[in-house]
Amino acid sequence: MKRDLQCPEECPSRPEPPPAPRITPEPTGEAEDAELKRGSAPVWIFGYGSLVWRPGFEFTSRKVGFIRGYSRRFWQGDTFHRGSEKMPGRVVTLLEDCGACTWGVAYEVRGEQIPASLQYLNMREAVLGGYDTKLVKFHPQEKDAEEPIQALVYIATPQNPSYLGPASEEDIAAQIIVSSGCAGHNIEYLLRLADFMRYFCPQAEDKHLFSIEEALISILPCLCCAEESLEETTSSPQKSKG
């Protein structure tokens, strides 16, 4: 059963979705060609952001692994899921980077799961997120994995209107701290992604991600102290003059 993204009543209404993208994996032989004709060929979807912990669609299996040639960056603005029009949040996209790799989760969908998942992701990632689709080679984490798997991935490019581009880790952390949207606070997004990397991919490095997490943790105590000081000032009784 497909799980729709839940949003509070105050969130803006969703626009009508365009048709879901049609993905046709390239057959490598007669068996694969016959499978495609029967409509039973699987589709793999690679997630590297919130999809790693909340796919939101039904799937057959999933694998932790990576794709080569891309770096993960908090360069995409979000005015719906983790931010608002007045205070956009920061979420991840992929930047072409020849020597890099990005870790995440690939989900296998089959049969009726394919159109359902693509329709759901088209709304979540493309319409509301500003992401485009691309096919990449996914490398599973398992040591006995065979050939890379062709997978669909959503990437936000600089051409989309919500793209924010580079900023210092401190500035990105400061923006994340004050942003929240229909899917929750932007802080949760950052910390969940960092936890995924820490627990499921301990051997992998993601300096950009962990630098932002470190900057956020260093800013939070200062922010809390400032708020407590403001509360004490506003709640203290004012002495009358004279």
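Residues numbered from 1 in each chain as written. Predicted model: local features only at pLDDT ≥ 70, side-chain atom pairs only at ≥ 80, totals over all residues. Heavy atoms only, no water.

Participant: Whenever I open this one, empty space enclosed by the protein confuses me. Can you help?
Facilitator: A water-sized probe, rolled over the atoms, reveals where empty space remains. Applying the stated criterion across every chain yields a total of one cavity of 30 Å³ or more. The calculated volume of the largest cavity comes to roughly 250 Å³. Lining the largest cavity are 20 residues, and of these Gly49, Ser50, Glu125, Tyr131 and Tyr189 sit closest to its centre. Among the elements of the structure, strand 1 (43-47), strand 2 (61-78), strand 3 (89-109) and helix 2 (113-127) are those that each provide at least two residues to the lining of the largest cavity. Classifying every residue of the lining of the largest cavity gives nine nonpolar, six polar and five charged. (1 Å grid on protein atoms, 1.4 Å probe; cavity = no way out; pocket = protein on both sides within 12 Å on 5 of 7 lines; lining within 4 Å. Points joined across faces, edges and corners; volume = space filled by probe spheres on them. Helix = DSSP H or I, 4+ residues; strand = E, 2+ residues; numbered from the N terminus. Nonpolar A, V, L, I, M, F, W, Y, C, P; charged D, E, K, R; others polar.)

Participant: How should I be thinking about the side chain of Asp206 in this particular structure?
Facilitator: For Asp206, the location among the structural elements is in the loop between helix 4 (186-200) and helix 5 (207-235). Classification of Asp206 by relative accessible area gives buried; the value is 9%. Reaching out from Asp206, the side chain makes a polar contact with the backbone nitrogen of Leu209 at a distance of 3.1 Å. (Buried < 20%, exposed > 50% of the residue type's maximum accessible area, 1.4 Å probe, protein only. Polar contact = N/O pair within 3.5 Å; in protein donor to acceptor, adjacent residues only side chain to side chain.)

Participant: Help me out: how do you make sense of helix 3 (residues 169-177) in this one?
Facilitator: An α-helix turns once every 3.6 residues. As a result, residues three or four positions apart point the same way. Of all the residues in helix 3, the buried ones are Ile172, Ala173, Ile176 and Ile177. Along the axis of helix 3, the buried residues cluster in a sector spanning 135°; they form a single face. (Arc of directions from axis to C-beta.)

Participant: Where do I start with the nonpolar core in this structure?
Facilitator: The nonpolar side chains of a soluble globular protein tend to be buried, and buried together. In this structure, Phe46, Phe57, Phe74 and Ile176 are the most contacted members of the largest nonpolar core, which totals 52 residues. Tallying contributions element by element places strand 3 first for this core, with eight residues. Phe46 has contacts with Leu51, Gly65, Ile67, Thr102, Trp103, Gly104, Val105, Ala106, Phe138, Ala151, Leu152 and Val153, leaving out every residue within four places of it along the chain. (Core = buried A, V, L, I, M, F, W, Y, C linked by side-chain atoms within 4.5 Å. Contact = heavy atoms within 4.5 Å.)

Participant: Honestly, the sheet that holds strand 4 (residues 132-140) in this entry has me stumped. Any pointers?
Facilitator: Strand pairs in the sheet, formed through backbone hydrogen bonds, run parallel or antiparallel to each other. Read around the closed barrel, the five strands follow the order 1-3-2-4-5; overall the barrel is mixed. Here the strands of the sheet are splayed against their neighbours by 45° on average, with no regard to which way each runs. Pairing between strand 2 and strand 4: three bridges, direction antiparallel. The partner of Ile67 across the bridge, within strand 4, is Phe138. In this fold helix 2 packs onto strand 1, strand 3 and strand 5 (149-155), with an angle of close to 30° to the strand it touches most, strand 5. Sitting on the sheet, helix 3 is in contact with strand 2 and strand 3, with an inclination near 40° to strand 3. (Pairing = 2+ DSSP bridges. Axes fitted to C-alpha atoms, helices over the stretch in contact; angles between N-to-C directions.)

Participant: I tried to follow the pairing of strand 5 on my own but got confused; where do I start?
Facilitator: Within a regular strand, side chains alternate between the sheet's two faces. Taking burial as the measure, the seven residues of strand 5 include six buried ones, the bulk of the element. Looking at chain direction, strand 4 and strand 5 are connected through seven bridges and run antiparallel. Residue pairing in the sheet places Thr133 in a bridge with Tyr154 of strand 5.

Participant: Explanation requested: the packing of aromatic side chains in the structure shown.
Facilitator: Across all of its chains, the model carries nine aromatic pairs by this definition. An angle of 75° between the planes, with centres 5.6 Å apart, marks the rings of Phe57 and Tyr107 as edge-to-face. With a gap of 50 residues between them, Phe57 in the loop between strand 1 and strand 2 and Tyr107 in strand 3 connect regions that are remote in the sequence. Judged by relative accessible area, Tyr107 falls into the buried class, the value being 0%. Judged by centre distance (6.0 Å) and plane angle (85°), the ring pair of Phe74 and Tyr189 falls under edge-to-face. Here Phe74 is found in strand 2, whereas its partner Tyr189 is found in helix 4, with 115 residues between them in sequence. You can call Phe74 buried: its relative accessible area is 1%. Pairwise contacts between aromatic rings join Phe46, Tyr48 and Phe138 into one cluster. (Phe/Tyr/Trp six-rings, centres within 6.5 Å; stacked < 30°, edge-to-face > 60°.)

Note that all results are geometric; they support no functional claim without further evidence.
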